[in-house]
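Remarks on the overall topology
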Amino acid sequence: MKKKRILIVASLSQSLINFRGDFIKSLIHSGYDVYALAPRHPDKVKDKLIEFGAKPLDFNLNRTGLNPIKDIQTIRELKSIMKDNKIDLVFPYTVKPVIYSSIAANQLGIPVISLITGLGFAFTGLTRKARVLQQLNETLYKLSIRKNKIVVFQNRDDYQLFLDRKILKKNNKVAFVSGSGVNLNQFKFRKNKIDSNKISFLLVSRLIKEKGIALFLNAAKVLKEKYPESEYHVIGATDKSPSSIKEEELKNLHEQGIIVYYGKQNNIPEHLYNRDVFVLPTYYREGVPRSILEALSVGLPIITTNTPGCKETVKKDYNGILIKPQNIDALINAMEYFLINSDKIEEMGINSRNYAEERFDVNIVNSDIIELISKEI
């Protein structure tokens, strides 16, 4: 019997390895042929996908800009790729792949299961630009995903917003998964016994203000003066976004001894093992942040915001603290709680791992999605 062919569409090639690698391997193990489509695969990513057993494909995508002519060309290219490779089902994730792949597949009569991984900057409503982008994305989502077989969400708040904004109708078929999941074997648990006042906090993120990096830096300035032995570690890359933190500011704070700044790092598990509390004070529209899931798996207490996606990762008084978004006092108080009550770090860290095993195991998440796929093709 011929294997069914699934096309996974991403906006970033590396994300196919970092976020969907286990999913791709699970699909192949379940007997599907997997085609992994993204713009400009680097050779190392292409080789890794082939190692998994997938077939890497490239397409042209204008990830950030809005150019109707190029966007129409992208849809045409996607249609050609789907026809040439006789694709049986399309599985896109992130905004543009979901919109353009859904339009292309629906025109060809190919079933689509799309994954909404978070709504990002456009749905924050914080700036005029964000509000304009939201209106545009709402229109494009309405045009593209209503005919999809299933729309999968990582949190129920995003689904409710899609209903409220009439992007989806109540009769559209939807499903829910707990983020992208986390590989519990890759991010192994370690019990953290605190035996000093040298409590260390870690933020891992894209270093834009919407992710809460400016709040973290300001909290570090206040707390470092009050608790000189405490440490504030920052991992992530700056970028061309107008809201990106300047590299000079980070290096200056590093030289002053207020933070420890690493830039972009590939050995995230090692950094997690050596820290005590994970902090992500984001007010970006997250799905379920992968960085938090990795911290849960290792066994770190979590400080994050009471916002869609993030609030899924913390149980009150169990494995961390939820704070109001964009509230520096709330962030300082939450971080100071662990400086004063260091005995809670081990207890909440164990609870974080238990919660990861219970809800965010990548095998559970992948199994749920593959079950959805098996019913549609």
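The structure under discussion appears in the preceding block.
Keep in mind the model is a prediction, meaning the values are calculated, not measured. (Residues numbered from 1 in each chain as written. Predicted model: local features only at pLDDT ≥ 70, side-chain atom pairs only at ≥ 80, totals over all residues. Heavy atoms only, no water.)

**Quick word on the sheet that holds strand 11 (residues 277-280)**
In plain terms, the rule: Whether two strands pair depends on DSSP finding at least two bridges between them. Only runs of H or I of at least four residues qualify as helices and only runs of E of at least two qualify as strands under DSSP, and these elements are numbered from the N terminus. A fitted line through C-alpha atoms serves as each axis, taken over the contacting stretch for helices, and the angle formed by two N-to-C directions is quoted from 0 to 180°. Throughout, a contact is declared for two residues whenever any of their heavy atoms are within 4.5 Å.
Taken in spatial order, the six strands make up an open sheet running 10-9-8-11-12-13, and their pairing is parallel. Only two strands of the sheet have a single neighbouring strand rather than two, namely strand 10 (260-263) and strand 13 (320-323). Strand-to-strand twist in this sheet, taken as the mean axis angle between neighbours without regard to direction, amounts to 20 degrees. The strands that helix 8 (residues 213-226) touches are strand 8 (200-204), strand 9 (231-235) and strand 11; relative to strand 9, the one it contacts most, it runs at about 160 degrees. Against the sheet, helix 12 (residues 328-340) engages strand 8, strand 9, strand 11, strand 12 (302-305) and strand 13, with an angle of about 170 degrees to strand 13.

**So, the packing of aromatic side chains**
Rule in force here: Two aromatic rings from Phe, Tyr or Trp, using only the six-membered ring of Trp, form a pair when their centres are within 6.5 Å; if the ring planes differ by under 30 degrees the pair is stacked, by over 60 it is edge-to-face, and anything between is tilted. When a residue's accessible area, from a 1.4 Å probe over protein chains only, is under 20% of the maximum for its type it is buried; when over 50% it is exposed; and in between it is partly exposed. For a Lys NZ or an Arg CZ to count as sitting over a ring, it must be within 6 Å of the ring centre and within 35 degrees of the ring normal.
The tally for this structure, following the rule as stated, stands at 10 aromatic pairs. A centroid spacing of 5.1 Å and a plane angle of 55 degrees characterise the contact between Tyr141 and Phe162, whose relative ring orientation is tilted. With Tyr141 in helix 6 (residues 128-145) and Phe162 in helix 7 (residues 156-164), this residue pair connects regions lying 21 residues apart in the sequence. Exposure class is identical for Tyr141 and Phe162. Each is buried. Taking 5.3 Å as the distance between ring centres and 85 degrees as the angle between the ring planes, the aromatic pair formed by Tyr337 and Phe338 counts as edge-to-face. Of the residues examined, Tyr337 reaches a relative accessible area of 27% and is grouped as partly exposed. Connected via pairs of aromatic rings, a cluster forms that spans Tyr141, Phe153, Tyr159, Phe162 and Phe176. Residue placement shows Lys55 over the ring face of Tyr35; its charged tip is 5.3 Å from the ring centre.

**Some details on the sheet that holds strand 4 (residues 89-92)**
With parallel pairing, four strands are arranged side by side in an open sheet as 3-2-1-4. What marks the edges here is a single partner per strand, and that holds for strand 3 (55-58) and strand 4. For this sheet, the mean angle separating the axes of adjacent strands, direction not counted, is 25 degrees. With four bridges connecting them, strand 1 (residues 5-9) and strand 4 associate as parallel partners. Of the residues in strand 4, the one forming a bridge with Val9 is Pro92. Sheet contacts for helix 2 (residues 21-29): strand 1, strand 2 (33-38) and strand 4; angle to strand 1, the most-contacted strand, approximately 175 degrees.

**Looking at the packing of helix 8 against helix 12**
Where we set the bar: Angles are sorted into four bins: roughly parallel if under 35 degrees, roughly antiparallel if over 145, roughly perpendicular if 65 to 115, and oblique for all others. For any helix crossing, the convention is left-handed if the near helix is rotated counterclockwise from the far helix by under a right angle, and right-handed if that rotation is clockwise. In this count, Pro and Cys sit with the nonpolar residues alongside Ala, Val, Leu, Ile, Met, Phe, Trp and Tyr, while Asp, Glu, Lys and Arg are called charged and the others, Gly among them, polar.
Axis separation between helix 8 and helix 12 bottoms out at 9 Å; the angle between their running directions is 45 degrees. Relative to helix 12, helix 8 is oriented oblique. As for how helix 8 packs across helix 12, the hand of that crossing is right-handed. Mapping the contact onto sequence places Leu215, Phe216, Asn218, Ala219, Val222, Leu223 and Lys226 in helix 8 and Ile328, Leu331, Ile332, Met335, Glu336 and Leu339 in helix 12. Its residues placed into classes, the contact of helix 8 with helix 12 shows 10 nonpolar, one polar and two charged.

**Details of the side chain of Ser144**
The condition is simple: Think of a polar contact as two N or O atoms within 3.5 Å of one another; within protein, one of them needs to be a possible hydrogen donor and the other a possible acceptor, and neighboring residues in sequence only count if both atoms come from side chains.
Mapping Ser144 onto the fold places it in helix 6. Side-chain polar atoms of Ser144 contact the backbone oxygen of Leu140, separated by 2.8 Å. In this view, Ser144 contacts Ile99, Ser102, Ile103 and Asn106; residues no more than four positions away in its chain are not counted.

**Things to note about the pairing of strand 2**
Looking along a regular strand, one sees side chains alternate from face to face of the sheet. Within strand 2, six of the six residues are buried, leaving the element largely enclosed by the surrounding structure. Taken together, the five bridges between strand 1 and strand 2 define a ladder with parallel strand orientation. Residue Leu7 lies in a different strand from strand 2, and its bridge partner there is Tyr35. Pairing analysis gives four bridges linking strand 2 to strand 3, with the strands arranged parallel. Counted as the bridge partner of Ala38 is Asp58 from strand 3.

**A closer look at helix 7**
Residues three or four positions apart in an α-helix share a direction because the helix packs 3.6 residues into each turn. When we look at burial in helix 7, the residues that qualify are Asp158, Tyr159, Leu161, Phe162 and Leu163. The residue sitting at the N-terminus of helix 7 and contributing the capping side-chain oxygen is Asn155; that oxygen lies 3.1 Å from the backbone nitrogen of Asp157.

**Examining the side chain of Lys211**
For Lys211, the location among the structural elements is in the loop between strand 8 and helix 8. In this structure the side chain of Lys211 is engaged in a polar contact, spanning 2.8 Å, whose partner is the side chain of Glu286. Residues contacting Lys211, with those up to four places away along its chain left out, are Ser205, Arg206, Leu280, Pro281, Thr282, Tyr284 and Glu286.

**Brief notes about the nonpolar core**
Proteins that are soluble and globular tend to have nonpolar side chains buried together. Test applied: Each nonpolar core is a collection of buried residues, namely Ala, Val, Leu, Ile, Met, Phe, Trp, Tyr and Cys, held together in the definition by side-chain atoms within 4.5 Å.
Leu7, Met82, Val90, Tyr141 and Phe162 are the most contacted members of the largest nonpolar core, which totals 34 residues. Among the elements of the structure, strand 1, strand 2, helix 4 (68-84), helix 5 (95-108), helix 6, strand 6 (150-153) and helix 7 are those that each provide at least two residues to this core. Ranked by the residues each element gives to this core, the list is headed by helix 5, at six residues. Every residue in contact with Met82, bar those within four places of it in the chain, is listed here: Leu7, Ile87, Val90, Ser101, Ala104, Ala105, Leu108 and Ile110. Ile213, Leu215, Val277 and Val279 belong to the second-largest nonpolar core, a separate cluster that totals 33 residues.

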